Amino acid sequence: MRLLRDEALQTGASRLGTRFWIFPQPPFIPGYEQPDRVWLPIPADEIGAGPSDATMYVVDPLFDKRPYGLDRLPPFEGAARPPAEAGPDRHFDSISPESREFLAVHAYACVHFVLSIWQSYLGRPVRWFFDQTFPRLEIVALANWDNAQAGYGFLELGVSDRDGIRRPYALNFDTIAHEVGHLILLSETGVPTGISREADFFPFSEAFSDAVSLISFLHFDSAIERLLRRTRGNLLLFNELNRFAETSPETQVRLATNFRRMSEVTREAHDRALPFVGAIFDTIVELYHRELVARGCADSRLLDVDLRELDQGDFDRFRAATAEAFQTRPMIFELALTAARDAVGQALAASLRRLDPSALRLEGAAKAVVAAAGGVAAELLDSNFAWREIIGRR
Ligand SMILES: [Zn+2]
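Residues numbered from 1 in each chain as written. Predicted model: local features only at pLDDT ≥ 70, side-chain atom pairs only at ≥ 80, totals over all residues. Heavy atoms only, no water.

Regarding the pairing of strand E4 (residues 137-140)
Because side chains alternate across E4, one face comprises the buried residues Leu137 and Ile139, and the other comprises Glu138 and Val140, equally buried. Direction of pairing for strand E3 (residues 56-59) relative to E4: parallel, over a ladder of four bridges. From the neighbouring strand, Met56 faces E4, where its bridge partner is Leu137. Once the chain exits E3 it traverses helix H2 (residues 101-122) before rejoining the sheet at E4, and the crossover so formed is left-handed. Note: E4 against strand E6 (residues 154-157), three bridges, orientation parallel. (Buried < 20%, exposed > 50% of the residue type's maximum accessible area, 1.4 Å probe, protein only. Helix = DSSP H or I, 4+ residues; strand = E, 2+ residues; numbered from the N terminus. Pairing = 2+ DSSP bridges. Right-handed = clockwise from strand over helix to strand, strands pointing away.)

This is how it looks when you write it as structure tokens:
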């Protein structure tokens, strides 16, 4: 009988999902030394060694692997390290973050964490754009190469080497989320063919992927809590949020909190993406302020001023008001931020199917996001995209 009951319990527990550790920010960032325990919405009996499942698998090459490219595609067929195994309880949270297998397990957990967020915004599972050739995504846990990339059938993580300190991208949630953003976009819009010189598919792809990284990061309860506690509810101080690109494999440090307009950027894809990311970020902050004001937790004049041109006096007044409200009602701040996050995430996701990847222009993409948003989110997005000179002023 005992055995039967345990089995029943295990089946029940398996339906809840499977436990993993994720570092919301790389462990060398102060305040993020400890990982969060997350439940991925996959039954434990559907995850095999690797980890692996019906949609993806991780490999950890034994020797240096050359990065994939146009003439080199998965599957990886060289010698690999033994695949990471779940603990006796079939969960993956007994693997030490210090161990080599943890890289594979962490990368896998991050990809699923991000995917499950965006699948819920989309309202359907993401079907890989390469699924005609490769049924599953191959995640390379560690390639000896200072970069990370996603492509046709793969997501490959190298190791950053700054000042002689080696930091695997497999431990970097921001980087992985950004790369998953590229895969989601291509899977939703399809692969562009014959892109013209004026087309903005690549800048939009960078902007969307940065937004995926930012919005996915805001899905860690612990991250929201830390962020709000550190800023005492004042997102105009954005600490963690603008750090999300800090160790980005792409050479620039890209900030969501930038003030760039289209007339101030070059044609280079990452640079050209900046105003779009900035408009997304500003909208999240403004929606957050609206929620706070509606619930009596912030000065209503916060809604009337241009936050990009705030003077020190106003800034100090707003900061004092939010800090006081945050002291007594921190939960309201968390609710406000999650509501703002979801309104923008949902609009971004819903816009994708309206886009033609080959003829995509940033203006058209911005209008699709506005159209998908509705209500006050649409108004704010519209005015922020206009301020950024992405869409014309009415
Ligand atoms: Zn990118």
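Still more to cover.
Digging into the packing of helix H9 (residues 362-373) against helix H10 (residues 375-387)
Look at H9 against H10: their axes get within 7 Å of each other, and the N-to-C directions meet at 160 degrees. Judged on the interaxial angle alone, H10 and H9 are roughly antiparallel. The interaxial crossing formed by H9 with H10 has left-handed handedness. Facing H9, whose interface residues are Ala366, Val369, Val370 and Ala373, H10 presents Gly375, Ala377, Ala378, Leu381, Asp382 and Phe385. Grouping the amino acids of the contact of H9 with H10 by side-chain chemistry returns eight nonpolar, one polar and one charged. (Axes fitted to C-alpha atoms, helices over the stretch in contact; angles between N-to-C directions. Parallel < 35°, antiparallel > 145°, perpendicular 65-115°, else oblique. Left-handed = near helix turned anticlockwise from the far one by under 90°. Contact = heavy atoms within 4.5 Å. Nonpolar A, V, L, I, M, F, W, Y, C, P; charged D, E, K, R; others polar.)

Structural notes on the side chain of Asp314
One can find Asp314 in helix H7 (residues 312-328). By relative accessible area, which is 15% here, Asp314 ends up buried. With sequence-adjacent residues up to four places away left out, Asp314 is seen in contact with Arg301 and Val305.

Overview of the nonpolar core
The biggest cluster of nonpolar side chains holds 121 residues, and the ones touching the most others in it are Trp118, Phe204, Phe276, Leu348 and Phe385. At 16 residues, the largest contribution of residues to this core is made by H2. Residue-level mapping places this core at the junction of two domains, with at least three residues from each of domain 1 (16-189) and domain 2 (201-387). Beyond its immediate chain neighbours, meaning those up to four positions away, Trp118 contacts Ile184, Phe208, Ala211, Val212, Ile215, Ser216, Gly345, Leu348 and Ala349. (Core = buried A, V, L, I, M, F, W, Y, C linked by side-chain atoms within 4.5 Å. Domains from an automatic or database assignment.)

Digging into the pairing of strand E7 (residues 159-162)
Relative to strand E8 (residues 165-168), E7 is paired through four bridges, and the arrangement is antiparallel. The partner of Val159 across the bridge, within E8, is Pro168. Connecting E7 to the next strand, E8, in antiparallel fashion are two residues, including Asp163 with a positive phi near 50 degrees.

As for helix H6 (residues 269-294)
With 26 residues, H6 should reach 38 Å at 1.5 Å per residue; the first-to-last C-alpha distance of 38 Å fits that figure. By the largest-angle criterion, Pro275 marks the main kink of H6, which is about 30 degrees. Following H6 by one or two positions, Gly296 has its phi on the positive side, about 70 degrees. (Expected span 1.5 Å × (residues − 1). Bend = angle between axes of the 7 residues up to and from the residue.)

A word on the layout of surface pockets
Take a probe with the size of a water molecule and roll it over the atoms, and the empty space left behind shows itself. Roughly 570 Å³ of volume is contained in the largest pocket. What lines the largest pocket is a set of 23 residues, among which Ala150, Gly151, Tyr152, Leu186 and Phe202 lie closest to the centre. Those elements giving two or more residues to the lining of the largest pocket turn out to be strand E5 (148-151), helix H3 (173-189) and helix H4 (201-217). Looking at the lining of the largest pocket residue by residue, the classes come out as 14 nonpolar, six polar and three charged. Two domains share the lining of the largest pocket, each providing at least three of its residues, namely domain 1 (16-189) and domain 2 (201-387). Estimates place the volume of the second largest pocket at around 290 Å³. Taken together, 14 residues line the second largest pocket, and the ones lying closest to its centre are Ile42, Asp53, Thr55, His112 and Gln119. Taken together, the residues that form the lining of the second largest pocket break down as eight nonpolar, four polar and two charged. (1 Å grid on protein atoms, 1.4 Å probe; cavity = no way out; pocket = protein on both sides within 12 Å on 5 of 7 lines; lining within 4 Å. Points joined across faces, edges and corners; volume = space filled by probe spheres on them.)

So, the sheet that holds E6
Judged by pairing direction, the sheet is mixed, and its four strands sit side by side in the order E3-E4-E6-E5 without closing on themselves. The sheet is open, and its two borders are formed by E3 and E5, each paired with just one other strand. Averaged over all neighbouring strand pairs, the angle between strand axes comes to 10 degrees, with direction disregarded. H2 contacts E3, E4 and E6 of the sheet and is inclined by roughly 155 degrees relative to E3. Along the sheet, H3 makes contact with E4, E5 and E6, crossing E5 at roughly 20 degrees.

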